[in-house]
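Coordinates in review
Here's the letter readout for the chains.
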2 protein chains.
Amino acid sequence: MKCPECGCEESKVIDSRPTENKVRRRRECIQCGARFTTYEIIEEVPLMVIKKDHTIEPFDREKLVDRLCRATVKRPVSLETIENIVEEIAAELKNSLTREVTSDKIGEAVLRKLREVDEVAYVRFASVYRDFNDVDSFVKIISELKDKKV
Amino acid sequence: MKCPECGCEESKVIDSRPTENKVRRRRECIQCGARFTTYEIIEEVPLMVIKKDHTIEPFDREKLVDRLCRATVKRPVSLETIENIVEEIAAELKNSLTREVTSDKIGEAVLRKLREVDEVAYVRFASVYRDFNDVDSFVKIISELKDKKV
DNA sequence: GAATTGAACACTATATATTGTATTATATCA
DNA sequence: TGATATAATACAATATATAGTGTTCAATTC
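Quick caveat: nothing in here was measured; it's all calculated off a predicted structure. (Residues numbered from 1 in each chain as written. Chains lettered and ligands numbered in written order. Predicted model: local features only at pLDDT ≥ 70, side-chain atom pairs only at ≥ 80, totals over all residues. Heavy atoms only, no water.)

**Concerning the protein's contact with DNA strand C**
The criterion, for reference: By convention in this text, a residue qualifies as near a molecule or strand provided that one of its non-hydrogen atoms is within 4 Å of it. Under the rule applied, a polar contact is a pair of N or O atoms within 3.5 Å (in protein, one hydrogen donor and one hydrogen acceptor; residues adjacent in sequence only if both atoms are side-chain atoms). The helix count covers DSSP runs of H or I at least four residues long, the strand count covers runs of E at least two residues long, and both are numbered beginning at the N terminus. Any residue that is not Ala, Val, Leu, Ile, Met, Phe, Trp, Tyr, Cys, Pro, Asp, Glu, Lys or Arg is counted as polar, Gly included; the first ten are nonpolar and the last four charged.
Near DNA strand C lie 13 residues; those nearest to it are Arg26(A), Ser16(B), Arg17(B), Pro18(B) and Arg25(B). Close to the protein, within 4 Å, the atoms of DNA strand C belong to sugar or phosphate groups at a rate of 72%. A distance of 2.9 Å separates a phosphate oxygen of DNA strand C from a polar side-chain atom of Ser16(B). Measuring from a phosphate oxygen of DNA strand C, one finds a side-chain N or O atom of Arg25(B) at 2.8 Å. Mapped onto the surface near DNA strand C, the elements with two or more residues apiece are strand S1 (11-18), strand S2 (22-29) and strand S3 (35-42) of chain A together with strand S1 (11-18) of chain B. Considered class by class, the residues forming the surface near DNA strand C number two nonpolar, two polar and nine charged.

Set out below in C-alpha cells:
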C-alpha cells in the first residue's frame, strides 16, 4: 500500500469505519506523515446465469441491453431507460446473496420492469422470452395486462 | 462488510497479504463460516491537469483518446492501439506520485509513444500540440526523427 | 441561509489483524 | 503437457487496528 505522496510502503491506520459493504480506513504514512483514505471492498465474483438448457455462463449486461433494444424497436423507450432497467436488475442480482441465477429469474425481472415502461415492448419481450407458439398466448398475456390495470 | 453468502455483518480476517498498492484479505463469516476475499485499495483522487493557460481541470481520458484519433485519421493506427497508449499514459501518471501534471508532460508522453507507432501521426500531433506556425517547424521535427533513427 | 449529511480529526481500551514460513490447489502459458 | 505464477490453506507470536464517543468542517439540499 504505497503512500500516494512519497511512495513509502509503510502506513498505519488511524481510523476505520465499517459500513454495509465497505470498510473505510484513514491511513497515515510512517515516513512522510501524509494521510490518505482507503476502501476495503469485497472481490467481485462474476454472477453466473443458469440458462434453460442448463448451461452456465457469466451474466452479460450488454446482452441484456441488446435483448431489450430489440423488444423496444420503434417504441418510445430511450436507451437510457433500458440502461437503467438493466442497471437496476444487475443491482438486484448483486444483492441477492447468490452467485447463480436462472435466466428465468432475470426474464421475469425484466418483464416486471418493462410492464411499467411500455406495454408493447412488454408483450414483445414476453413472446420471445416465454416462447409463444400461438396467437392465444398473446391473447392471454394481454388480458392479464388488462386485469392488472383494473 | 456483508457476507456474500448469508448477509451477516460480522466476519474475521484469516489471512492478509499486502502488495504494492492493495491489501488482499481472506475473511471468514462469523455466522455461516463462508470465506471470501476482499481488497483494500487507495481512494481514487482525480488527477488534475495544469493547462498552458494555467487553468486546472481533471484529467479526461476520453479527451485524450479524441485528440489521438484526430492525429491518426486515415493512418494505420487502430482504436485499440490508441486506447492502449492512453491507458499506459494514465497508468504512468497514476504512478507519478503527484496529483497534478502539466498538459505539457502529457503531450510529451503522447509524442514519445506515438513516435513508435506512426511517424505521420507523430508529426501531426506535434504540429497541433506544439503550435507549429510555419513549415520550418515541420522540417525541423522531421529531421530530428531521421536523426533518432540512425 | 439554515438544516442536514458525510468525512476528517482526536483519544482510548480491547480485540483482532499481521506476517513469516510452508504446503497444496488452480489457472495460465509456451 | 510441463512450467510457472497466483491463490487458498494452516499455524503462531506479536504488533496493530477497531469501535465508541464526540467535535469540527465542508458540501449539499430545502
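**Digging into the packing of helix H2 (residues 79-94) of chain B against helix H3 (residues 103-117) of chain B**
A packed helix pair is summarised by two numbers, namely the angle formed by the two axes and the spacing between the axes. All names here are of chain B. Condition: Structural elements are reduced to axes, namely lines fitted to C-alpha atoms, with helices fitted over the stretch in contact, and the angle between N-to-C directions of any two is expressed from 0 to 180 degrees. Each angle receives one of four descriptions, namely roughly parallel if under 35 degrees, roughly antiparallel if over 145, roughly perpendicular if within 65 to 115, and oblique otherwise. Two helices that cross are described as forming a left-handed crossing if the nearer one is turned anticlockwise from the farther one by less than a right angle, and a right-handed crossing if clockwise. Should any heavy atoms of two residues lie within 4.5 Å, those residues are considered in contact.
The contact between H2 and H3 brings their axes to 10 Å, and the two run at 140°. With respect to their mutual orientation, H2 and H3 come out oblique. Considering how the two elements wind past one another, H2 and H3 form a crossing that is right-handed. Each of Thr81, Ile85, Glu88, Ile89, Glu92 and Leu93 in H2 lies in contact with H3, whose residues at this interface are Ile106, Ala109, Val110, Arg112, Lys113, Leu114 and Val117. Looking at the contact of H2 with H3 residue by residue, the class counts come to eight nonpolar, one polar and four charged.

**Examining the side chain of Glu40(A)**
How we decide: Buried residues are those whose accessible area, probed at 1.4 Å on protein chains only, stays under 20% of the maximum for their type, while exposed residues exceed 50% and partly exposed ones sit between those limits.
For Glu40(A), the position within the fold is in strand S3. Take Glu40(A): its relative accessible area is 0%, and that puts it in the buried class. Among the polar contacts listed, one links the side chain of Glu40(A) to the side chain of Arg27(B), at a separation of 2.8 Å. Discounting chain neighbours no more than four positions away, the residues touching Glu40(A) are Asn21(A), Lys22(A), Val23(A), Arg25(A), Met1(B), Arg25(B), Arg27(B), Thr38(B), Tyr39(B) and Glu40(B).

**Description of the packing of aromatic side chains**
Residues and elements named next belong to chain A. Heads up, the condition is: Only Phe, Tyr and Trp rings are paired, with Trp represented by its six-membered ring, and only when their centres lie within 6.5 Å; those with planes under 30 degrees apart are stacked, over 60 edge-to-face, the remainder tilted.
Going through the model one piece at a time under the given rule, you end up with four aromatic pairs over all chains. Where Phe132 meets Phe138, the ring centres are 5.0 Å apart and the plane angle is 90°; that geometry is what we call edge-to-face. Overall, Phe132 belongs to the buried group, its relative accessible area being 18%.

**Brief notes about the interface of chain B and chain A**
Note the cut-off: Buried area is a sum: the accessible area each of two parts loses on coming together, probed at 1.4 Å, counted once for each and added. Salt bridge criterion: a side-chain nitrogen from Lys or Arg within 4 Å of a carboxyl oxygen from Asp or Glu. Strands are treated as partners if at least two bridges between them are detected by DSSP.
Each partner contributes residues to the interface: chain B has 24 residues there, and chain A has 24 residues. Summing both partners gives a buried area of about 2200 Å² for chain B against chain A, and 51% of it is carried by carbon and sulfur. The tally of links between chain B and chain A comes to six salt bridges. With a shortest N-O distance of 3.3 Å, Arg25(B) and Glu40(A) are connected by a salt bridge. Linking chain B with chain A are 16 residue pairs in polar contact (both at pLDDT 80 or more). Among the secondary structure elements, those contributing two or more residues to the side of chain B that touches chain A are strand S2 (22-29) and strand S3 (35-42) of chain B. Here the element with the most residues in the side of chain B that touches chain A is S3(B); it accounts for seven residues. Per-class residue counts for the side of chain B that touches chain A are ten nonpolar, five polar and nine charged. Bridge count for S3(A) against S3(B) is five bridges, and the pairing is antiparallel. Bridge pairing links Ile42(A) to Thr38(B) in S3(B).

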